[in-house]
Amino acid sequence: MPQTTLSLAKTTQPALSLVVDRPALFSRIEDSAAMRGIWIQGPAGAGKTTLVASYLQARSQTALWYQLDSADSDVSSFMYFLRRTAIKHRAESMVALPEAPSNPGDWAACARRLFRAIFQRYEGQLVIVLDNYESIPPHSSLHALLALALEEVPRPGKLMFVSRAEAPANFARARANSLLATIGADELRLSQDECRKIAQLRRAELTAEDVERIFQASAGWVTGAILMLEYARPTRRLSRSAFQTDGGVLYDYVALEVFSGFDERTRRFLLNVCWPRRLSVTIAESLGADSMARQLLLNLSRNNYFVAERDDGDSCEFTLHPLLREFLQIQARKTLSESAVAAQLRRTAELLAQAGQPEEAVELLADAVDWEPLEAVIGAHAKELLLQGRHTVLAGW
């Protein structure tokens, strides 16, 4: 029977490269020490994940990192994978973690016990990061469950939520009771001094006037500033037409310029591997048809070209920044035939299912309306899901 695997990229803190610390925001996080959680909200490319990862690294904080995706909207799936993540990170602990309840109505009590036990494993000295929270749809009961879990966080522990969206209404009580602090989009904007430091770190070798123009044009949007700094190197033409203030124009322009700056091999490779949320080296080599897949991704990650590396010492996985991934998928649909895209999606789903990630395989095949392989994936994993107590996932399929 196929086994569902625990993705490295889903449960590992992202590696950092060419990152400027943001002490003012670090202080904001520390000002919330009396609260049990903090909600960090901002648009794609605002630097949310990098802020949290760099803060944890700078403060040498012990963290359990969990990247949410649409499969976690099912409470049984979230609890199953969170429990496995906690065991993976501290397998030697004597504190037992509760199993899934036999009665679906007992999830709230089980969640309280699970979060309490996870923090006990670290004697309270733990930060749990729930990244990519916007992937959980509004109707999910996970929101109410996590609002309750906040009450089980001991000091100085912390729950950190990273999201493009504001906290759902389920968290209103936690905010009213001073259990949940927030850092919003305006606070995440770069200052002019931070923009200058990024330019220095990336050795952009631009004039102060050029950096000022980039800062003004990006309006503090971290990803926009970095992309424009790369494009505006002295070896390239610095065009005033690049610095539009409209977000859509800026996104389209800088994404195209960065993509066109890659060599043909890298462009072709990225268009082939843009469909999975997370990339193991094996999947990247298969999809990209390139034995140098690991090196290509490492080069992009080390140069902070919107590819994040997760490495636990034994293996590594990569994730494409949502903006880059979205752009690549649009480019693939524009430049490839419908049959070629369909073949890519089917092959990606096949590899994901083989790697123990049937949820994402099903999602891809359903979106592609590719029923035959979809039925095969469901049939191969149905028994496993039932044994894990994830009946609602199977029913949803």
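The coordinates are above.
Residue numbers restart at each chain and count upward from 1, following the sequence in its written direction. Reporting in this predicted model follows two pLDDT cut-offs: at least 70 for local features of residues, and 80 or more for side-chain atom pairs to be given and counted; totals over whole chains, interfaces and linings ignore these cut-offs and use all residues. Each side-chain value is worked out from all heavy atoms of the structure, with water and hydrogens disregarded.

Trainee: Looking at this structure, I do not really get helix α17 (residues 338-354). What am I missing?
Mentor: What sets the pattern is the α-helix's 3.6 residues per turn: residues three or four places apart point alike. Note on conventions: DSSP H or I runs of at least 4 residues are helices, E runs of at least 2 residues are strands, and numbering of each starts at the N terminus. Helices are assigned an expected span. That span is 1.5 Å times one less than the residue count. Taking 1.5 Å of rise per residue, 17 residues should cover 24 Å, and α17 covers 24 Å from first to last C-alpha, within 8% of that figure. We call a residue buried when its accessible area falls under 20% of the maximum for its residue type, exposed when it is over 50%, and partly exposed in between, using a 1.4 Å probe and counting protein chains only. Residues V341, Q344, L345, T348, A349, L351, L352 and A353 constitute the buried set of α17. Those residues of α17 that are buried are in contact with α13 (264-272), α14 (281-288), α16 (322-335), α18 (358-367) and α19 (371-387). Where α17 terminates, the next one or two residues include G356, which has phi positive at roughly 85°. Here, residues are in contact when the closest pair of their heavy atoms is within 4.5 Å.

Trainee: How should I be thinking about the environment of E375 in this particular structure?
Mentor: Position of E375 among the secondary structure elements: in helix α19. Look at E375 and you get exposed, because its relative accessible area is 58%. Once the C-alpha coordinates of E375 and W397 are considered, the two residues, 22 residues apart in sequence, prove to be 9.3 Å apart.

Trainee: Honestly, the sheet that holds strand β6 (residues 279-280) in this entry has me stumped. Any pointers?
Mentor: Note: strands within a sheet are paired through backbone hydrogen bonds, in either parallel or antiparallel orientation. Each pair of strands is called paired provided DSSP finds at least two bridges between the two strands. Pairing within the open sheet is antiparallel, and its 3 strands lie in the order β6-β8-β7. With partners counted over all chains shown, the strands left at the sheet margins are β6 and β7 (307-311), one partner each. As judged from the 5 bridges shared by β7 and strand β8 (residues 316-320), these two strands associate in the antiparallel manner. From the neighbouring strand, D311 faces β8, where its bridge partner is C316. Against the sheet, helix α15 (residues 293-302) contacts β6, β7 and β8, and its axis sits at roughly 110° relative to β7. Interaxial angle, 0 to 180 degrees, is taken between N-to-C directions of lines fitted to C-alpha atoms, where a helix line uses only the stretch in contact.

Trainee: When you look at the nonpolar core in this model, what are you seeing that I'm missing?
Mentor: Soluble, globular proteins show a tendency: their nonpolar side chains are buried together. Of all hydrophobic cores here, the largest spans 61 residues; its most connected members are F269, F318 and L328. Sequence-distant contacts of L328, defined by excluding residues within four places in its chain, comprise F259, L270, L271, C274 and L320. By nonpolar core we mean a set of buried residues, namely Ala, Val, Leu, Ile, Met, Phe, Trp, Tyr and Cys, connected to one another through side-chain atoms within 4.5 Å. By size, the runner-up hydrophobic cluster in this structure holds 39 residues, among which are L64, A117, L146 and V153.

Trainee: Just checking my understanding: could you explain the packing of aromatic side chains for this structure?
Mentor: In this description, an aromatic ring pair is defined by two values, namely the gap between the centres and the angle between the planes. Aromatic rings from Phe, Tyr and Trp, taking only the six-membered ring of Trp, are treated as a pair when their centres fall within 6.5 Å; an angle between ring planes under 30 degrees marks them as stacked, one over 60 as edge-to-face, and anything in between as tilted. Taken as a whole and assessed by the stated rule, the structure comprises 9 aromatic pairs. Here the aromatic rings of Y66 and F78 are separated by 5.5 Å at their centres, their planes lie at 80°, and the arrangement is edge-to-face. One end of the pair, Y66, is in strand β2 (residues 63-67); the other, F78, is in helix α4 (residues 75-89), and 12 residues separate them in sequence. Taken as a pair, Y66 and F78 share a single burial class, namely buried. Taken together, the aromatic side chains of W39, Y133, F161 and F171 make up a single cluster linked through ring pairs.

Trainee: Quick question: what am I supposed to make of the side chain of H381 here?
Mentor: Inspection of the secondary structure assignment puts H381 in helix α19. Accessibility expressed as a relative area gives 2% for H381, which makes it buried. Any pair of N or O atoms that falls within 3.5 Å is considered a polar contact. Within protein, one atom must be able to donate a hydrogen and the other to accept it, and sequence-neighbouring residues count only if both atoms are side-chain atoms. A polar atom in the side chain of H381 sits 3.1 Å from the backbone oxygen of V377.

Trainee: What is the right way to look at the sheet that holds strand β3 (residues 127-131) in this model?
Mentor: The parallel open sheet is built from 5 strands, whose spatial order is β2-β3-β4-β1-β5. Edge positions in the open sheet fall to β2 and β5 (180-183), since each of these has one partner strand only. Neighbouring strand axes in the sheet, compared pairwise and without regard to direction, differ in orientation by 15° on average. Pairing between β3 and strand β4 (residues 158-163): 4 bridges, direction parallel. Paired with V129 across the strands is M160, a residue of β4. Those strands touched by helix α5 (residues 107-121) are β2, β3 and β4, and its axis lies near 130° from that of β3.

That is the geometry; function is a separate question.
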